[in-house]
Amino acid sequence: MFDEDESLWLKIKSGDRESLEMLYRKLFGMLYRYGTKFTSSKLVKDAIHDMFLDIWNYREKLQPTTSVRYYLFTTLKRRIVLNNQNHRRFSTFNYKSDWISVAADSSHEEIIIESECDDARTRKLRKYMQDLPPRQYEALLMKFYNKLSYREIADKLDVNEQSARNLVQRGLELLRKYSQITLLGLILLCRTIDKVW
Amino acid sequence: MKDYNTYTAIDLVLDERFEKWARHPGMYPELDQFWRAWTMQYPDKLEEVMEAKRLIGAIHGEGESLQLRKEEDEVWNRLDHSLNTKPKAKLPFVSKKWMAASVAVLTIAVLSLVVFFRESGQTTQDDQDLISVINNGVTPKTVMFLDGSSVVLQPNSSLQYPRVFSESAREVTLNGEGFFEIAKEPTRPFYVYADKVVARVLGTSFIVRAFKNEPDILVQVKTGKVSVQTVKEMKSKKAHPNSTVVLIPNQQVIYSREESTLSKSLIENPALINSAVKRKFLFEDAPVKEVFESLEEAYGVTIVYDEEIMKNCVLNVSLADMPLYEKMRLICKTLEAKYEIMDSQIVVTGPGCE
């Protein structure tokens, strides 16, 4: 699965911009989640932007690497630190220092395992979420992701508060029904991985 | 007491204490304890607990992935722009900075024009020297009165008031939502007429929300005391003694149009009481003290922490558009600290910074 990263990397080196976008789109989520462990969303986005811009601008100097992800994670971390230090000053650091190989970072393994286990566990249920009627889907997101009150959900969906409650309730029931049909296998798998308490 | 014997996964998901615990395991020791004890007491509910956790996880995951996709597109658009406009120059950083600067200036110019046109609303003057302010814009609009009071008028809201208040009373009429900050004048009470209800105050700050298309009218108090009654009662002269509801800070009254009743309650969430006053919550190299103070002020909570240990901590965070607990979570993640909520206090413990 990681092989693909490395072949994209080589294509970028030879000047293929589509590969740059593919690599970017493939890894943005992971990089973003990793970066926001250290700093604010805005700074992470700036760092990711700068990092990919440099990859492209200095593509001829890219070294072949056995793990593109590993490179990108560590580079991003350095860049966040650098951007923090060079805050409000013109950046004068030597871009090359970014590409010096660094000693293995144990947390890197964890990140990859963590995010992939997470993906496996939620992908199915999430897919079912997308099958919900649109208003139930929205109501569930507003309630549990955006943390809106029923009053606010009612406002946004232009219904009364009771209807907002009903949308959430029905959304949950339907989602549960979907999940019960096919999740049995996954439940057993996750039980062994998931630390419930 | 809830009947936990019949609790299903869905009941658990809808139980705020459960959801909070499932979302932030380990962050609230009292919840850890509670749910650990709970699952021991109801061992046959284990499957429901697992299912509830999965449901919460999936919904949150979906929300997160939507958000991620948004961020991904945003950064890609920016990157695409940088890639297209920036030649492989010898001075990449300078030109990049200049590019960013000029884009920023242009954006600000365009935005301010938009804001200027959208915000300017309409102000008209009646023959009786009544002034009407209508906020048709998308951002709140502040109206100042001659007595020093002010109101932050939310979008789609309007306000009517006399140019000069009378000797005995200051009276305004509101449609929609406003955040009032009233100058103290014990001899001249301030009245807000909001459709079916009227709020009477001496000097205080509070929110009135009365949109015609909403079933309820809401008055929430931040500071001071506000008395609220229905317009009908007020005009009837022989008002029922219980017809007036007196609110103190963090209390609210809801008027139900359907039932024509006023009911008093506590403000559920420590909502951003003066959310009307748009705060950016953007901190650059800000000492922790400053960040906490601004949260304390905005939410009316007390944040307890060791100033000595944290005196070197600075934060670079943008905390806009998220609830208080989300803000605390993000700050604590950055500081490698933990927070607990005890009554109206938030206790932050952490290792401090070098």
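Residues numbered from 1 in each chain as written. Chains lettered and ligands numbered in written order. Predicted model: local features only at pLDDT ≥ 70, side-chain atom pairs only at ≥ 80, totals over all residues. Heavy atoms only, no water.

Engineer: Which residues make up the overall build of chain A, and what values do they have?
Structural biologist: A tally of helices and strands in chain A yields nine helices and zero strands. Put simply, chain A has 197 residues, and 49% of those count as buried. Long-range pairs, those at least 24 residues apart, make up 68% of the contacts in chain A with a sequence separation of at least 6. Here chain A has roughly 10300 Å² of accessible surface; of this, 54% comes from carbon and sulfur atoms. (Helix = DSSP H or I, 4+ residues; strand = E, 2+ residues; numbered from the N terminus. Buried < 20%, exposed > 50% of the residue type's maximum accessible area, 1.4 Å probe, protein only. Contact = heavy atoms within 4.5 Å. Areas by Shrake-Rupley, 256 points an atom, 1.4 Å probe, with all protein chains shown as cover.)

Engineer: Account for the nonpolar core, naming residues and giving values.
Structural biologist: Most often, soluble globular proteins keep nonpolar side chains buried together rather than apart. Grouped together as the largest cluster of nonpolar side chains are 64 residues, with contacts concentrated most on Leu-140 and Leu-175 of chain A together with Phe-18, Phe-292 and Val-348 of chain B. Excluding residues that lie within four positions of it along the chain, Phe-292 of chain B makes contacts with Ile-303, Tyr-305, Met-328, Ile-331 and Val-348 of chain B. (Core = buried A, V, L, I, M, F, W, Y, C linked by side-chain atoms within 4.5 Å.)

Engineer: Before we move on, can you summarise the side chain of Asp-54 of chain A with the specific residues and values?
Structural biologist: One can find Asp-54 of chain A in helix α3 (residues 41-57). A polar atom in the side chain of Asp-54 of chain A sits 2.7 Å from the side chain of Arg-79 of chain A. (Polar contact = N/O pair within 3.5 Å; in protein donor to acceptor, adjacent residues only side chain to side chain.)

Engineer: Outline the packing of aromatic side chains, listing residues and values.
Structural biologist: Two aromatic rings, taken as a pair, are described by how far apart their centres are and by the angle between their planes. Under the criterion given, the structure shown has 21 aromatic pairs over all chains. Their ring planes at 50 degrees and their centres at 5.4 Å tell us that Tyr-24 of chain A and Phe-28 of chain A sit as a pair that is tilted. Here Phe-28 of chain A and Tyr-24 of chain A lie together in helix α2 (residues 17-35), a separation of four residues that amounts to about one turn. Using a relative accessible area of 0% as the deciding quantity, one classes Tyr-24 of chain A as buried. In this structure an aromatic cluster arises from ring pairing among Tyr-4, Tyr-7, Phe-18, Trp-21, Phe-34, Trp-35, Trp-38 and Tyr-42 of chain B. It is Arg-17 of chain B that lies over the ring of Phe-34 of chain B; its NZ or CZ is 4.3 Å from the centre. The side chain of Lys-53 of chain B reaches across the aromatic face of Trp-21 of chain B, ending 5.0 Å from its centre. (Phe/Tyr/Trp six-rings, centres within 6.5 Å; stacked < 30°, edge-to-face > 60°. Lys NZ or Arg CZ within 6 Å of the ring centre and 35° of its normal.)

Engineer: I'd like a rundown of unusual backbone geometry, residues and numbers included.
Structural biologist: Negative phi characterises most residues that are not glycine, and trans characterises most peptide bonds. Residues and elements named next belong to chain B. Positive phi values are uncommon outside glycine, yet Asp-285 reaches one of about 45 degrees. Inspection of the secondary structure puts Asp-285 in strand β15 (residues 282-287). For Asp-285, a relative accessible area of 32% translates into the label partly exposed.

Engineer: Account for the state of the cysteines, with residues named and values stated.
Structural biologist: Residue and element names in this part refer to chain B. Inspection of every chain in the model, using the stated rule, returns one disulfide over all chains. Between the sulfur atoms of Cys-313 and its disulfide partner Cys-353 the distance amounts to 2.1 Å. On the sign convention where negative is left-handed, the bridge of Cys-313 and Cys-353, at about 100 degrees about the S-S bond, is right-handed. Of this pair, Cys-313 sits in the loop between β16 (302-304) and β17 (314-318) while Cys-353 sits in the segment after β19 (345-349); the two residues are 40 residues apart in sequence, bridging distant segments of the chain. (Disulfide = S-S within 2.5 Å.)

Engineer: Outline the interface of chain B and chain A, listing residues and values.
Structural biologist: Taken together, the contacts link 60 residues of chain B with 64 residues of chain A. Carbon and sulfur atoms make up 60% of the surface buried where chain B meets chain A, a total of about 6100 Å² over both sides. Salt-bridge contacts for Lys-45 of chain A lead to Glu-74 of chain B; the nearest nitrogen and oxygen are separated by 3.0 Å. On the surface where chain B and chain A come into contact, there are 18 residue pairs in polar contact (both at pLDDT 80 or more). Sorting the residues of the side of chain B that touches chain A by element identifies α1 (9-14), α2 (16-23), α4 (46-85), α5 (92-119), β15, β17 and α8 (324-335) of chain B as the ones contributing at least two each. Ranked by the residues each element gives to the side of chain B that touches chain A, the list is headed by α4 of chain B, at 33 residues. Here the side of chain B that touches chain A is built from residues that sort into 22 nonpolar, 13 polar and 25 charged. (Buried area = accessible area lost by both parts, 1.4 Å probe. Salt bridge = Lys/Arg side-chain N within 4 Å of Asp/Glu carboxyl O. Nonpolar A, V, L, I, M, F, W, Y, C, P; charged D, E, K, R; others polar.)

Engineer: Provide a residue-level description of the packing of α2 of chain A against α3 of chain A, including the pertinent values.
Structural biologist: Residues and elements named next belong to chain A. One can describe the packing of α2 onto α3 by two numbers: an axis separation of 11 Å at closest approach and a directional angle of 150 degrees. Considering the angle they form, α2 stands roughly antiparallel to α3. Crossing of α2 against α3: the hand is right-handed. Between α2 and α3, the contacting residues are Arg-17, Leu-20, Leu-23, Tyr-24, Phe-28, Leu-31, Tyr-32 and Gly-35 on the first element and Ser-41, Val-44, Lys-45, Ile-48, Met-51, Phe-52, Ile-55 and Trp-56 on the second. Of the residues in the contact of α2 with α3, the class split is 12 nonpolar, two polar and two charged. (Axes fitted to C-alpha atoms, helices over the stretch in contact; angles between N-to-C directions. Parallel < 35°, antiparallel > 145°, perpendicular 65-115°, else oblique. Left-handed = near helix turned anticlockwise from the far one by under 90°.)

Engineer: So what's going on with the side chain of Glu-62 of chain B? Which residues, and what values?
Structural biologist: For Glu-62 of chain B, the location among the structural elements is in helix α4. For Glu-62 of chain B, a relative accessible area of 1% translates into the label buried. For Glu-62 of chain B, the side chain forms a polar contact with the side chain of Tyr-137 of chain A, separated by 2.4 Å. Leaving out residues up to four positions away in the same chain, Glu-62 of chain B has contacts with Arg-126, Met-129, Gln-130, Tyr-137 and Leu-141 of chain A.

Engineer: Summarise α2 of chain B; cite the residues concerned and give the values.
Structural biologist: Within the span of α2 of chain B, buried status applies to Phe-18, Glu-19, Trp-21, Ala-22 and Arg-23 of chain B. If you check the start of α2 of chain B, you find a side-chain oxygen 2.9 Å away from the backbone N of Arg-17 of chain B, and it comes from Asp-15 of chain B.

Engineer: Now, about the pattern of salt bridges: what can you tell me, with residues and values included?
Structural biologist: With the rule as written, the count across this model stands at 28 salt bridges over all chains. For Glu-21 of chain A, the salt bridge is made with Arg-25 of chain A, and the minimal N-O distance between the two is 3.0 Å. In this pair, Glu-21 of chain A and Arg-25 of chain A both sit in helix α2, four residues apart, roughly one turn of the helix. The class for Glu-21 of chain A is partly exposed, based on a relative accessible area of 26%. Sharing partners across several salt bridges, the network here consists of Arg-176 of chain A together with Glu-47, Glu-48, Glu-51 and Arg-54 of chain B.

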